[in-house]
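# Survey of secondary and tertiary structure
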Amino acid sequence: MAVTPAATSIVSMAVTSSFFSCVLSSLPMAVTMPMIHLLIFVFALATLSPSSAYDRLSKPLVGDDGRIYVCSNKKLFAFESNGSISWTMHIDYKCNVAVAPVHGGFGKIYLIADNRILMVKLENSGTSEPVAELFFGPGPGQQVETEIIGLSVSTVTSTVFINIKNRGLFAYKSHGRLLWSIGPVLYKFGYHQGCRKNITDCSFASVPVLDQCEGSIYISNTEGQLYCLSIRGRHFRWIQDFSYLDRNFTITAGNNGRLYVTVPVRALLLALDVFSGNVLWQRSIGPLSKADSVPVVDSNGWVSIGSLDGFLYSFSPTGDLKKFSRRNTDNYVIQVGSFLDCSGFAVYTSQIEMEGKVSHTAGEFATVSAIRPKVALLTMLVPATGSIYWSENNPGQLTTSLSKSDLSQFLVDEEILLAFLAASKTGNLLQCRTTGQKLASSCSQARTKLVSIYTGNERVIALFLLFESTVLAILIGLVRFCCSFWAKKKLQDQGLGSFLAKRCSLQLKKKALDRTITELERKATEEAADREVLDKLVDMSKEREGIQRKLSTTYSLGRDKSDSHARSILPLQTGKTKSYSFQGTRGKNMTMFHTMSDTSSSESSYEGETSMLGNKDSSTKAKTKALMMEDSSSSSSS
C-alpha cells in the first residue's frame, strides 16, 4: 500500500450558517419506550455547489503524537492539528466510517474496512512511511463470510479483541495468534450462563469495551445482558440483566472502579461497581440524539454527556449532578459526544443554536424537533470545578483557519471539529499528560474490595484449608529430611533401608538401657551402693549417651552435635577424689564422692552429698540432705 503526498489544493471560502445542512429523522422505538427525534448535522468547511462532491470522514482518533487519524473510502489520513494532511495511505478495502480507528500502542493503529481488520504500523523500521497489513479476514478478492461488530486493543497485554456477529468474541495476540474465543453462553457444571431467556438466537451485540485498570472486558448480548470477562481467560466474572430497561444500551469504562451504562430510549445513566456488577446509582438525563451515544469520563472521575435539551450533564463519582449551558437552552441542542483535553481533566463540547426547537412530553414519549442550525458554540470546561477556560462561536477564528487547510476538502461534522480542538490544545491552560499518567490517575480512584472466592459451608471450607495446610507441612518436612539425608557424605553409599533399620535397633537398645539405668538409680538413692554398682551405672550411662547422640536429628543428618543438657552420669576425678552425678527417679539431683587412701590396708570411704530440689510447686521449699561417711582409721591417721 503506497503513501501519497499530502494534498496541496486549498479551497478558500467564507464560513456562514448556510454551510450547515440539517436532516431531521426519527429513531424507531417500542410503544412503551420514549421516542426521541434525532438531529444529524453535517457542515462543510467548503462552498457547496450542486456539482461538488466531498468525502465523508470516519469517526476520529486523536493519537498520542497529536495527530488526528481518520479514514474515508479506501484511504487513511493523518491530519496535523492545524488541518493539514501529514500523510495519506491507500488501502485495498473501503473503511467503515461509523467506527473510529483504534489505538494499538507501540506505534500501531487498527481499523475496520470491508469486514476486515487492518493493522497500520506508523513507524516502520527502515522507512519513514507507514505500512498496512491485513490482520484479520480474507485476502483481496475473497468472499467475506463474517461481519465485524467492533474491536478493542489491550496495550498492556498486546491483545486484540474482536466481536464477530453470531460467532462470538475472539482474542488474538498482536502477531496474529488466537488465544481464546467465547460465545454468549458458557456451560459449567451442567448449567449454562448467559442468554437465560433465548439461547438459540442470542449473540454478542456491542463493541467490546476494555477496562485497562481492572483487566476486564465488557460486552452486551442481544437479550439485554451485560457480561464482564477477564482479558486473560475465557470465563465470566459476572453477568447483569438490563432487559427490564431496554435491550439496547451503550457501555463506557470509567477506569476508576466504575462502569457506566447509558440507555438512550430511557434517557438513563447508570454507574456500576466493576467488582460485582451491582448498580451504584442511576440518574435521568435529557433526551439523546443517537442510539449509540456514550459519555466521556475525565481524570477526576466525572462522567459527562450532552443532551438535545441543550445541557451538558456531568455526574460526580457518587452521582452528584451538575448541568452546564453557556446560553439559554430554549433553542440549543447538544448532539455529539464531548472530547477530553490533553490533561484529562477538561472536556470540549459543542452546542448548536437552532432557528426553532420544540420539546414536549406525552406520557412515556419525549419528542424534540428542531430545524435550521444557526451557529455552534464551542466550549472547554472542567466539570469537577465548573471552570470555563475557553469558548468561541462557530464560525470563528478557529474554523476560519481550518477552512483554509486541507480539511476543507471533506465534509466535517461537530465530532471531527472537537477532535481538532482537543489535538490543537485550543484555549488549554492545563498541563498535558501522557496516556500512562492519565490512566494511573484514574486507576488510583478505584477502591480495592475483598471479593468472596468461596461460597457454601464455611466450616467445611475451614476444615479443608486446615487439612491442606497439614499435608503441606508434612510434605515440607519430608522433603527437607530427604534432602539433608542424601547430602550427608558418609551415607551416600548406603541405602535408606539399612539406615532406618540401624536406627530402629539403636532405639530398642536405648529403651533397654533406660530401664536398667532407672533401676540402678533407684537403688542408689534408697540404699548405699558399692563401687561395682556405681561403675556399672557410669558405663551404662556413657553407652546410652552415645546412642542418644547417634539417634539425634543433628547427628543423623550429618551434623554431629551432642546435647548440652544430658541426663547421664559424668564421672569427675581430681587427685584422690572421684564423684558421680545423676538424677534420681523422683526428680532429685545427687552427687556421690569417693575418696581413696594411700595405704593398701585402708578401707574405702565414701562421701556423698545429696541435694534435693523441690518439685515445680512454688509452695514446697528446697530441701538439702548431706551424708558424710568417713573411715575411723583414716581420720585417726590424719
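Residues numbered from 1 in each chain as written. Predicted model: local features only at pLDDT ≥ 70, side-chain atom pairs only at ≥ 80, totals over all residues. Heavy atoms only, no water.

In the nomenclature of an unreviewed UniProt entry, the chain corresponds to Protein GAMETE EXPRESSED 3 isoform X2 from the organism Arachis duranensis.

Looking now at the state of the cysteines. Evaluation of the coordinates by the stated rule reveals four disulfides. Linked covalently through their sulfurs, Cys 195 and Cys 202 form a disulfide whose S-S length is 1.9 Å. Note on the Cys 195 and Cys 202 pair: the S-S dihedral is about -60°, so by sign convention the disulfide is left-handed. For Cys 202, a relative accessible area of 9% translates into the label buried. Should the bonded cysteines of the chain be numbered as they appear in the sequence, the pairing reads 1-2, 3-4, 5-8, 6-7. (Disulfide = S-S within 2.5 Å. Buried < 20%, exposed > 50% of the residue type's maximum accessible area, 1.4 Å probe, protein only.)

This part covers the sheet that holds strand E26 (residues 279-284). Read from one edge of the open sheet, four strands run E23-E24-E25-E26, paired in antiparallel fashion. Edge strands, defined here as strands with exactly one partner in the open sheet, are strand E23 (250-253) and E26. Sheet twist, expressed as the average angle between the axes of neighbouring strands with direction ignored, equals 20°. Both strand E25 (residues 268-273) and E26 contribute to a ladder of five bridges, which runs antiparallel. For Leu 268, the partnering residue across the bridge sits in E26 and is Ser 284. (Pairing = 2+ DSSP bridges. Helix = DSSP H or I, 4+ residues; strand = E, 2+ residues; numbered from the N terminus. Axes fitted to C-alpha atoms, helices over the stretch in contact; angles between N-to-C directions.)

Taking burial as the measure, the 11 residues of helix H2 (residues 414-424) include 10 buried ones, the bulk of the element. Phi turns positive, to about 60°, at Lys 425, one or two residues after H2.

Examined against the element boundaries, Asn 198 turns out to sit in the loop between strand E18 (191-193) and strand E19 (209-211). Residues Asn 198 and Glu 223, spaced 25 residues apart in sequence, show a C-alpha to C-alpha distance of 7.4 Å. A polar atom in the side chain of Asn 198 sits 3.4 Å from the backbone nitrogen of Asp 201. (Polar contact = N/O pair within 3.5 Å; in protein donor to acceptor, adjacent residues only side chain to side chain.)

Turning our eyes to something else, we now look at the pattern of salt bridges. Where charged atoms from two side chains of opposite charge come close, those side chains can pair. As enumerated under the stated definition, the model contains 11 salt bridges in all. Between Asp 514 and Lys 510 there is a salt bridge, with its nearest N and O atoms 3.1 Å apart. Highlighted residues: Asp 514 and Lys 510, both in helix H5 (residues 496-526), separated by four residues, approximately one helical turn. The salt bridge partner of Asp 514 is Arg 544, with a shortest N-O separation of 3.1 Å. In this pair, Asp 514 sits in helix H5 while Arg 544 sits in helix H6 (residues 531-551), placing the two residues 30 residues apart along the sequence. Among the ionic contacts, a cluster of salt bridges with common partners joins Asp 65, Arg 67 and Glu 80. (Salt bridge = Lys/Arg side-chain N within 4 Å of Asp/Glu carboxyl O.)

This chain's UniProt record puts "transmembrane region" (unreviewed entry) on residues 460-483. Along residues 460-483 the backbone is 100% helical and 0% strand, and the end-to-end C-alpha distance reaches 35 Å. (UniProt positions renumbered as here; feature names shortened; annotations may be inferred.)

Now for H6. Between the first and last C-alpha of H6 there are 30 Å, a value that for 21 residues agrees with the 30 Å anticipated at 1.5 Å per step. Taken together, the buried positions of H6 are occupied by Leu 534, Leu 537, Val 538, Met 540, Ser 541, Arg 544, Ile 547 and Leu 551. (Expected span 1.5 Å × (residues − 1).)

Attention now moves to the sheet that holds strand E13 (residues 148-154). Read from one edge of the open sheet, four strands run E13-E14-E15-E16, paired in antiparallel fashion. Looking along the sheet, the strands with just one partner apiece sit at the ends: E13 and strand E16 (178-182). Averaged over all adjacent pairs, the angle separating strand axes in this sheet is 15°, with direction ignored. Inspection of the sheet shows strand E14 (residues 159-164) paired to strand E15 (residues 168-173) by six bridges, in the antiparallel sense. By the bridge assignment for E15, Ile 162 is matched with Phe 170.

Positionally, Ala 376 belongs in strand E34 (residues 365-382). Since its relative accessible area comes to 2%, Ala 376 is described here as buried. Put simply, Ala 376 and Glu 414 are 38 residues apart on the chain and 8.8 Å apart in space, counted from C-alpha to C-alpha. The contact partners of Ala 376, leaving out residues within four places of it in the chain, are Ser 350, Gln 351, Ile 352, Glu 392, Asn 393 and Asn 394. (Contact = heavy atoms within 4.5 Å.)

In this section: the pairing of E14. Across the six residues that make up E14, a large majority, six, are buried. Residues Thr 159, Phe 161 and Asn 163 of E14 are buried on one face, and the alternating residues Val 160, Ile 162 and Ile 164, pointing to the opposite face, are buried as well. Of the strand pairs in this sheet, E13 and E14 are connected by six bridges, and their pairing is antiparallel. Looking at E14, one finds that Leu 151 is bridged to Ile 162. With antiparallel pairing between neighbouring strands as the criterion, E13 and E14 make up a hairpin whose turn holds four residues, including Ser 158 at a positive phi of roughly 55°. The hairpin formed by E14 and E15 contains three residues between the paired strands, and Asn 166 there has a positive phi angle of roughly 60°.

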